[in-house]
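Descriptive analysis of the structure
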Amino acid sequence: MRFSIRAAPACLAGAALALSAGTLFAQTEVPNAVVANPIVLVDRIVAVINNEVITSRELAERVKSVTQQLRQQGTSLPPGDVVQKQVLERMIIDRLQIQLAKETALRVDDLQLDRTVSRVAENNKMSLTEFRNALERDGIQFDKFRDEIRNEILLSRLREREVDSRIVVTDNEIDYFLSQQGPPQASASEYNVAHILLQLPEQASPEQVDKQRTRTEEVLAQLREGADFAKLAVSYSDAPDALQGGAMGWRARDRLPELFAQALNGMKPGEVSGIMRSPAGFHVIKLIERRGGGAPAPVEQTHARHILVKTSEIVSEADARRKLNNLRERIVNGTDFGELAKLNSDDASSTKGGDLGWIYRGDTVPEFERVMNSLNVGQLSEPFATPFGWHLMQVLERRQADASGERKRQEARLVLRERKADEAYQEWLRQLRDRAFVEYRLDER
């Protein structure tokens, strides 16, 4: 999951706030310098989203954060008003998603939040105290950072529930995908791609299509003349990655949308595609780098076993962790792991002594895979949590193996799901935006 510093949730306000020095000192003689500027604007509303607002102060904080990120990436900045409008649109989309999550009782408990924040600190090679001090030195309040991480988790869970979980891949689609695969070296290539999307509304009129096509042609003309791609992505793109300069990062060819994968044929690093049309709108991509292309690397498998303790209204998080700590101590002191798994594990693997068999990359949730990959063969983990509950895990062995026919079908299914999910997420965001009440007040003074 990607974490970024976003503006804190808006506080409801009926109107912009102002302090009137003229009213405050109406009955007192004061120097002319005091009353020279009688109205001091404290904050004002720049957008109304359903029953919430975004204030100018929130927008300014987010613009500052995005601007700092773009400068660190070496991206040329477009004019300030362009950045401001793009940031505001992204804040509106985020706010709509958070509203839906809360309306549908999607929550992130404090324990899950604490674990995630601790993992962010670990990824930055800091203790939690060091990480908190580093944030505060950069002027970021720790409580505000936690709120932003909570929102990131909410958005991720919302996408999983509303989009990813509804993707269906048929056997016929898998058969066709496998039949269309090129030589192994082609499928092994990876591409670093950037993307600009000029979105079309649902059931766009011919006039709207022509307008967006003309804008896309103008963008492409600037790119052909040497304009900075990232700067134009920030200025024009309607994609969620616009504020990252359109960067999609490294993707295997078969994990790119088919439209993009076809356009990459024959492109060299640094080149820009022509205009492509999809149901979402008009696209332009840039191939930044290419790597790989040799024989496919062997697939690593891990043989592991675990004990799972699920939490419930009766079994708390603390109870589950305490139980696994006790079981771990018994295993360290010589009790057989498999026997304890049969008696204590809350999943189907308990009948096999917790044995999960050979696991491929991507077979398990990220939290489980992260711990599994960190363990040496024979090593016993500390208790750790995933969305399924609390686990105690032991890695039994590892091996390099070629993917079997069935495994190739499973991987093809994952690839097709990922392709469909990207497109479905774009469409879902568009529909969410179209259904909402949004009033812009950015230009009001």
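Residues numbered from 1 in each chain as written. Predicted model: local features only at pLDDT ≥ 70, side-chain atom pairs only at ≥ 80, totals over all residues. Heavy atoms only, no water.

Turning to the overall build of the chain, a few remarks are in order. Secondary structure summary: the chain contains 16 helices and 13 strands in total. A burial count over the chain gives 41% of its 445 residues as buried. Considering only contacts in the chain between residues 6 or more positions apart, those separated by 24 or more positions represent 72%. Here the chain has roughly 24,400 Å² of accessible surface; of this, 49% comes from carbon and sulfur atoms. (Helix = DSSP H or I, 4+ residues; strand = E, 2+ residues; numbered from the N terminus. Buried < 20%, exposed > 50% of the residue type's maximum accessible area, 1.4 Å probe, protein only. Contact = heavy atoms within 4.5 Å. Areas by Shrake-Rupley, 256 points an atom, 1.4 Å probe, with all protein chains shown as cover.)

With respect to the secondary-structure elements, K352 resides in the loop between α14 (337-344) and β10 (355-360). Along the backbone, K352 and G338 are 14 residues apart, and their C-alpha atoms lie at a distance of 7.5 Å.

Sheet architecture is open: four strands sit in the order β6-β5-β8-β7, paired in antiparallel fashion. Only two strands of the sheet have a single neighbouring strand rather than two, namely β6 (247-252) and β7 (276-278). Sheet twist, expressed as the average angle between the axes of neighbouring strands with direction ignored, equals 40 degrees. Pairing of strand β5 (residues 190-199) with strand β8 (residues 281-291), which is carried by ten bridges, proceeds in the antiparallel orientation. (Pairing = 2+ DSSP bridges. Axes fitted to C-alpha atoms, helices over the stretch in contact; angles between N-to-C directions.)

So, about the sheet that holds strand β4 (residues 52-55). Spatial strand order, β4-β3-β13: three strands in an open sheet with antiparallel pairing. Looking along the sheet, the strands with just one partner apiece sit at the ends: β4 and β13 (438-440). Averaged over all neighbouring strand pairs, the angle between strand axes comes to 20 degrees, with direction disregarded. Pairing of strand β3 (residues 45-49) with β4, which is carried by four bridges, proceeds in the antiparallel orientation. Note that in β4 the partner of V48 across the bridge is V53. Across the face of the sheet, helix α3 (residues 56-72) comes into contact with β3 and β4 while running at roughly 60 degrees to β4. Against the sheet, helix α4 (residues 80-103) contacts β3, β4 and β13, and its axis sits at roughly 150 degrees relative to β4.

Where burial is concerned, most of β5 is hidden: eight out of the ten residues are buried. Bridging between β5 and β6 involves five bridges; their strand directions are antiparallel. Directly across from A194, in β6, lies its bridge partner A247.

So, on to the packing of helix α13 (residues 317-332) against α14. One can describe the packing of α13 onto α14 by two numbers: an axis separation of 10 Å at closest approach and a directional angle of 155 degrees. Put simply, α13 runs roughly antiparallel to α14. At the point where α13 passes α14, the crossing takes the right-handed sense. Facing α13, whose interface residues are K323, L327, R330 and I331, α14 presents F337, L340 and N344. When the residues that make up the contact of α13 with α14 are grouped by side-chain class, the tally is four nonpolar, one polar and two charged. (Parallel < 35°, antiparallel > 145°, perpendicular 65-115°, else oblique. Left-handed = near helix turned anticlockwise from the far one by under 90°. Nonpolar A, V, L, I, M, F, W, Y, C, P; charged D, E, K, R; others polar.)

As a further point, take unusual backbone geometry. In this structure, N50 takes a positive phi of about 55 degrees despite not being glycine. As for its placement among the helices and strands, N50 is situated in the loop between β3 and β4. The class for N50 is partly exposed, based on a relative accessible area of 33%. Although it is not a glycine, A105 sits at a positive phi angle of roughly 65 degrees.

Our focus in this paragraph is the packing of aromatic side chains. The final tally for this structure, using the stated rule, is three aromatic pairs. Seen in terms of ring centroids, Y425 and W428 are 6.2 Å apart; in terms of plane orientation they differ by 20 degrees. Their pairing is stacked. You can see Y425 and its partner W428 sitting in helix α16 (residues 405-435), three residues apart, about one turn around the helix. Note on accessibility: Y425 and W428 belong to one class, buried. (Phe/Tyr/Trp six-rings, centres within 6.5 Å; stacked < 30°, edge-to-face > 60°.)

Quick look at the confidence of the model for the chain now. For the chain, per-residue confidence averages 82 on the pLDDT scale, and 85% of positions sit at 70 or higher. The least confident element of the chain, judged by mean pLDDT, is strand β1 (residues 17-20) at 28; the most confident is α14 at 94. Considering only residues more than four positions removed or in separate chains, one finds that residues 1-36, a stretch of pLDDT under 50, has 65 contacts. (pLDDT = per-residue confidence, 0-100.)

The next subject is the pattern of salt bridges. Applying the stated criterion to the full structure yields 25 salt bridges. One salt-bridge network, held together by shared partners, links R159, D164, R251 and D422. (Salt bridge = Lys/Arg side-chain N within 4 Å of Asp/Glu carboxyl O.)

On to α4, then. Relative to the 34 Å expected for 24 residues at 1.5 Å per residue, α4 spans 34 Å between its end C-alpha atoms, a close match to the ideal helical length. Positive backbone phi, approximately 65 degrees, marks A105, located one or two places after α4. (Expected span 1.5 Å × (residues − 1).)

With that out of the way, let us pick up the side chain of T75. Position of T75 relative to the elements: it lies in the loop between α3 and α4. Not counting the four nearest positions on each side in its chain, T75 is found in contact with L70, D228, A230 and K231.

Okay, α3 next. Here α3 is 17 residues long and its end C-alpha atoms lie 24 Å apart, about the 24 Å a rise of 1.5 Å per residue gives. Among the residues of α3, those classed as buried are E58, L59, R62, V63, S65, V66, T67 and L70. Summarising the contacts, the buried residues of α3 are in contact with β3, β4, α4 and α11 (229-236). Where α3 terminates, the next one or two residues include G74, which has phi positive at roughly 80 degrees.

Counting through the fold element by element, Q212 comes out in helix α10 (residues 206-224). Discounting chain neighbours no more than four positions away, the residues touching Q212 are L198, Q199, L200, D238 and F282.

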